[in-house]
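Structural overview for review
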Amino acid sequence: MSEPTPRQVLYALVALGFVLVEVVLVIGAAAADLVPTWWTVTMAIASAGVLLFLAFRWRKTAAALLLSIGLFVVWTVGTLALA
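All of these numbers come straight from a predicted model, not from anything done at the bench.

A look at the packing of aromatic side chains
Two descriptors summarise a pair of aromatic rings, namely the distance from one centre to the other and the angle between the planes of the rings. Evaluated as defined, the whole model comprises two aromatic pairs. Judged by centre distance (6.0 Å) and plane angle (70°), the ring pair of F18 and F72 falls under edge-to-face. Of the two residues, F18 is situated in helix α1 (residues 6-31) and F72 in helix α3 (residues 61-82); the sequence distance between them amounts to 54 residues. By relative accessible area, F18 is classed as partly exposed at 29%.

Things to note about the packing of α1 against helix α2 (residues 37-57)
Running from N to C, α1 and α2 cross one another at 165°; their axes reach a closest spacing of 10 Å. Compared by their axis directions, α1 and α2 come out roughly antiparallel. Crossing of α1 over α2 shows left-handed handedness. Contacts from A15, L16, V19, E22, V23, V26 and A30 of α1 reach α2 at T40, M43, S47, V50, L51 and L54. In the contact of α1 with α2, the residues fall into 10 nonpolar, two polar and one charged.

Considerations on the nonpolar core
Of all hydrophobic cores here, the largest spans 12 residues; its members are A15, V19, V26, A29, V35, W39, M43, V50, L54, A64, L71 and W75. Of all elements in the fold, only α1, α2 and α3 reach the threshold of two or more residues within this core. Ignoring anything within four residues of it in the chain, the contact list for V26 reads T40, M43 and W75.

Here we look at the packing of α2 against α3
Running from N to C, α2 and α3 point in directions that differ by 175°, and their axes come no closer than 10 Å. The angle between the axes of α2 and α3 places the two elements in the roughly antiparallel class. For the pair α2 and α3, contact is made by W38, W39, M43, A46, S47, V50, F53 and L54 and by A63, A64, L67, S68, L71, V74, W75, G78, T79 and L82, respectively. Within the contact of α2 with α3, the residues separate by chemical class into 14 nonpolar, four polar and no charged.

Thoughts on a nonpolar patch on the surface
Residues V9, L13, L16, L20 and L51 make up a contiguous nonpolar surface patch of about 380 Å² in total accessible area. In terms of residue count, the dominant contributor to the nonpolar patch is α1 (four residues).

Here's the deal with the environment of A12
Note on placement: A12 falls in helix α1. Distance from A12 to I27, taken between C-alpha atoms, is 23 Å for residues 15 residues apart in sequence.

About the cut-offs
Residues numbered from 1 in each chain as written. Predicted model: local features only at pLDDT ≥ 70, side-chain atom pairs only at ≥ 80, totals over all residues. Heavy atoms only, no water. Phe/Tyr/Trp six-rings, centres within 6.5 Å; stacked < 30°, edge-to-face > 60°. Helix = DSSP H or I, 4+ residues; strand = E, 2+ residues; numbered from the N terminus. Buried < 20%, exposed > 50% of the residue type's maximum accessible area, 1.4 Å probe, protein only. Axes fitted to C-alpha atoms, helices over the stretch in contact; angles between N-to-C directions. Parallel < 35°, antiparallel > 145°, perpendicular 65-115°, else oblique. Left-handed = near helix turned anticlockwise from the far one by under 90°. Contact = heavy atoms within 4.5 Å. Nonpolar A, V, L, I, M, F, W, Y, C, P; charged D, E, K, R; others polar. Core = buried A, V, L, I, M, F, W, Y, C linked by side-chain atoms within 4.5 Å. Patch = residues over 30% accessible without salt bridge, like charges linked within 9 Å, V, L, I, M, F, W, Y side chains within 5 Å. Areas by Shrake-Rupley, 256 points an atom, 1.4 Å probe, with all protein chains shown as cover. Salt bridge = Lys/Arg side-chain N within 4 Å of Asp/Glu carboxyl O.

So, to be careful, I would describe these as geometric facts and stop short of saying anything about function.
Shown next, in the form of structure tokens:
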């Protein structure tokens, strides 16, 4: 296995940042009672899945960024629709 490039490390950290921000927002929306419980549970499971992907496949930068940004967009649209 070769050394990761600085770009791979940067993109992995950006993807992780998006997921962590989304996790904080999921918790905040649940605490503020903005969304139903089923949405919070669904997004928590999706977040865990993306974090699991990032833990093992972080070098696949395109997939990592697409998943993390996509998860953030899905949470945003879903929360706006359900709030």
